[in-house]
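Here is what each chain is made of, one letter per residue.
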Amino acid sequence: LKAQSAPPAGVEDVAAAILLLTTRPRDALPKDLSWAAAKKLMHNPDHFLRLLTTLDKQHASEAAVAYVERTFLGKESFQPERIKAKSAVAGALSAWVIAVCRYWRVHDKLRPKMEVHAAAHGRLVEAEKQLAGV
C-alpha cells in the first residue's frame, strides 16, 4: 500500500481515517491527512501493524471517531467491498476503521452502565468485608 505514489480513489480516505483513529485521545486531531502523512505512518510495517493491533479502541478520541463517521463512513466509496476491488489491504483496513467506530459507539453507550456496575461492585466488596468481620 505504501509503495503507491498516488493511491486509487477511496484508498486515501482509508489512510486519512487511520491517521485520525490512531491519534491519542489527548492530542489534537492531525491537520495533515495527506497520502504523504499516511505513508510516513506506514513506513515501518511492524510498527504500523502493532499500532493497529494495540489501539485502545475504548479510549479513542471522540473527536476523531466523530470526524471519521461524518467525513468518511457515509461515503459509498468507503465500503470495504468497493475499496477491496482497488486494494485488498485497503479493503481490510476500511473494515477495521468501520469496526473501530462501531465499537467506540457501543462502548460509549455502555460506559455509564459500566460505571454504575463498578460502583455497585465496590459497595458489595465493602459489605462483604464488613460481614466477614461480624
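Summarised in this report is the structure supplied together with it. (Residues numbered from 1 in each chain as written. Predicted model: local features only at pLDDT ≥ 70, side-chain atom pairs only at ≥ 80, totals over all residues. Heavy atoms only, no water.)

**Things to note about the overall build of the chain**
- Each helix and strand in the chain was counted, giving six helices and zero strands.
- Starting at the N terminus, the α and β elements of the chain follow one another as α-α-α-α-α-α.
- For 134 residues, the compact-globule estimate of 2.2 N^0.38 gives 14 Å, and the chain exceeds it by more than 25% at 20 Å.
- Expressed along its principal axes, the backbone C-alpha trace of the chain runs to roughly 75 × 30 × 25 Å.
- A buried classification covers 33% of the 134 residues belonging to the chain.
- A separation threshold of at least 6 residues defines the contact pool for the chain, and within that pool the share at least 24 residues apart is 68%.
- Working note: accessible area of the chain is about 8600 Å², and carbon and sulfur atoms make up 59% of it.
- Between the centroid of the 20 positive side chains of the chain and the centroid of its 14 negative side chains there is a distance of 3 Å. (Helix = DSSP H or I, 4+ residues; strand = E, 2+ residues; numbered from the N terminus. Rg over C-alpha atoms; globule rule 2.2 N^0.38 Å. Buried < 20%, exposed > 50% of the residue type's maximum accessible area, 1.4 Å probe, protein only. Contact = heavy atoms within 4.5 Å. Areas by Shrake-Rupley, 256 points an atom, 1.4 Å probe, with all protein chains shown as cover. Lys, Arg positive; Asp, Glu negative; His and termini not counted. Charge placed at Lys NZ, Arg CZ, Asp CG, Glu CD.)

**A closer look at the environment of Asp-108**
- Topologically, Asp-108 is positioned in helix H6 (residues 88-132).
- With relative accessibility at 26%, the residue Asp-108 sits in the partly exposed group.
- Residues Asp-108 and Gln-58, spaced 50 residues apart in sequence, show a C-alpha to C-alpha distance of 7.8 Å.

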